[in-house]
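Examination of the molecular architecture
As a plain string of letters, each chain reads:
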Amino acid sequence: MAVVFETAAALTHTMIDEPNRLKFHIQPPVGLLNDPNGLVQHHGVFHVFYQWNPWSCEHKNKTWNHLTTTNFIDFQQQDVALLPTDWYDKNGCYSGSAFIKDDHVHLFYTGNVKDEAGNRQAYQCLARVQADQSVEKLGVVIDDCEIPEGYTRHFRDPKIWFDQETQQWVTILGAQTCQEQGTVLLFTSRDAMKWAFHGELQTKYTRQFGYMWECPDLLTVDNQDVLIFSPQGVEQQGMEYANIYQSGYLLGSFDLPTARLQHGTFRELDRGFEFYAPQTFTDESGRVILLAWMGLPEEEAQPTCEAGWVHALTVPRHLTIRDGILCQQPIRELQALRKTALQEQVLPSGHSEHTVSDCYELQLTWDTLPTTGTCTLAFDHEHTLELDFNQKLATLRRTGAYLPGIRQCQLEETTNLTLTILKDTSSVEIFLQDGRNVFTARTFHEHRPTILTVELAAIAATIAYCELGAMTITHTEKGKK
Ligand code: FRU
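All values derive from a computational prediction rather than experimental measurement.

A word on the pattern of salt bridges
On inspection of all chains with the given rule, the structure shows 23 salt bridges. Two residues, E240 and R271, come together in a salt bridge whose shortest N-O distance is 3.2 Å. You can see E240 sitting in the loop between β14 (224–232) and β15 (248–255) and its partner R271 sitting in the loop between β17 (267–268) and β18 (276–282), a full 31 residues away along the chain. For E240, a relative accessible area of 28% translates into the label partly exposed. Judged by its relative accessible area of 8%, R271 is buried. The shortest N-O distance in the salt bridge between E386 and R397 comes to 2.8 Å. Taken as a pair, E386 in strand β27 (residues 383–388) and R397 in strand β28 (residues 393–398) lie far apart in primary sequence, eleven residues in all.

Notes on the site of the ligand
Taken together, N34, D35, Q51, K62, Y94, S95, R156, D157, E214, Y276 and W293 are the residues near the ligand. With respect to the ligand, the side chain of D35 contributes an N or O atom lying 2.7 Å from an oxygen atom. Q51 places a polar side-chain atom, nitrogen or oxygen, 2.6 Å from an oxygen atom of the ligand. With the chains in place, 92% of the 320 Å² that the ligand exposes on its own is no longer accessible. With respect to the pocket detection grid, the ligand is positioned in the second largest pocket. Put simply, the parts of the chain that give the shell around the ligand at least two residues each are β1 (31–42), β5 (93–101) and β9 (156–163). When grouped by side-chain class, the residues that make up the shell around the ligand number three nonpolar, three polar and five charged.

Details of the environment of S247
In this structure, S247 sits in the loop between β14 and β15. We classify S247 as buried; its relative accessible area is 4%. For S247 and C215, which are 32 residues apart along the polypeptide, the C-alpha to C-alpha distance reads 9.2 Å. With residues near it in sequence (within four places) discarded, S247 still touches F229, S230, P231, F266, E268, L269, D270, F275, Y276, A277 and P278. At 3.1 Å, the side chain of S247 forms a polar contact with the side chain of S230.

Some words on the domain arrangement of the chain
In terms of domains, the chain is made up of domain 1 (2–331) and domain 2 (338–466). Placing the centre of domain 1 and that of domain 2 at their C-alpha centroids yields a distance of 30 Å. Each partner contributes residues to the interface: domain 1 has 38 residues there, and domain 2 has 33 residues. Between domain 1 and domain 2, a total of about 3,000 Å² is buried, with carbon and sulfur atoms accounting for 54% of that surface. Ranking the residues of domain 1 by area buried against domain 2 places M239, R271 and F273 at the top, with a combined share of 25%.

What counts and how
Residues numbered from 1 in each chain as written. Predicted model: local features only at pLDDT ≥ 70, side-chain atom pairs only at ≥ 80, totals over all residues. Heavy atoms only, no water. Salt bridge = Lys/Arg side-chain N within 4 Å of Asp/Glu carboxyl O. Helix = DSSP H or I, 4+ residues; strand = E, 2+ residues; numbered from the N terminus. Buried < 20%, exposed > 50% of the residue type's maximum accessible area, 1.4 Å probe, protein only. Near = heavy atom within 4 Å. Polar contact = N/O pair within 3.5 Å; in protein donor to acceptor, adjacent residues only side chain to side chain. Areas by Shrake-Rupley, 256 points an atom, 1.4 Å probe, with all protein chains shown as cover. 1 Å grid on protein atoms, 1.4 Å probe; cavity = no way out; pocket = protein on both sides within 12 Å on 5 of 7 lines; lining within 4 Å. Sits in = over half its atoms within 2 Å of the grid points. Nonpolar A, V, L, I, M, F, W, Y, C, P; charged D, E, K, R; others polar. Contact = heavy atoms within 4.5 Å. Domains from an automatic or database assignment. Buried area = accessible area lost by both parts, 1.4 Å probe.

Following this line, the structure appears as structure tokens:
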């Protein structure tokens, strides 16, 4: 196993160089990335872990890679935090969360085990991050045999928090009933070591919305409780649920004793092509920040695989609630990527072409929401965003070789309209109406586009542009050994 460890650590220094490499998104140095894990801030330092297979672009051999940062621009690559080297996690250190106890960051994750016949076992495990960022595994705290009766071994992705009112630790886990219905189970503990089953989370969607719920997260934003989860097996309905798997939220009020959430309608967190398994954390200033996987399961055949890497995380997004909608906006730290101030100009009706760099921020503003006409932005020949003000419809269109199609959402009733776009080399994130809706997508290009085309057939807007720089990753001396 020492060999495995040395290889994983060494691979973090083998940074691939190819045209689709992103400049301000977290991406694997080599291999496959999926879910963000263990998001936490401790003594000013943010920890970002992610599911990482360093050895290939397949969903196998999951480790937790570990980055630290104080500003989300300059990152330190730490040693790989968790490797699948023990009997209880030998087929993968699966997703989980972080918490602070005894002034240490602790990791709570799922050990995935498969026997020779392919049968799955799920162990919930703890680990402690030491002051030098090395990680000590503490072993299994919820055994496979403690999975309550009536549920399958699809039981994973613990998200933990401390409940001040009852002075106990609470964790929620993605689960599946024996009838293959998706749900969430709760466990409680006094010391985060010895756990007791508390019950099944009660919502109107429980057991009737897909066959498995992955990566549940229960958080409070602006005094409202929010359940985020990623259901699998939900059929497309019109423009809703268009991706293979979904990620969305229920907004309401949670009661721990009865495990009941009073809530409104499920709403997708993202309207684009690539977004899954989001995780949130509350930082030391009280901000709630979300990161997600800018990818989806079963979308591994991306053009970057030839170069030996696949997938990335979204930018970190600050969550707030407006008009009963969970809104996402890029965290303010990302403004430090701007190479200049945003350059504003009037965008008159008609056709215009704008010279762009491969990484940029673009804002479009209408002081009053247009009630008629259209606006089409072509990022290149294969990726366009169309706003139809008559139908109040936004459409992201992808026509290239990689997963062509459209993704749509309805514009909200707002007095004005703002649009913030973060374009990286091979991705786009579009924050509509202060992030009430967001489109996230990968945009692989044959040739690097240098022109953004706008067709505006509506009242004039203001367009603001600036080039964005790159984040940095440094390797600690310890990591280089
Ligand atoms: C979500 C997920 C999790 C699991 C992890 C494994 O993408 O399937 O449920 O813990 O990925 O990498």
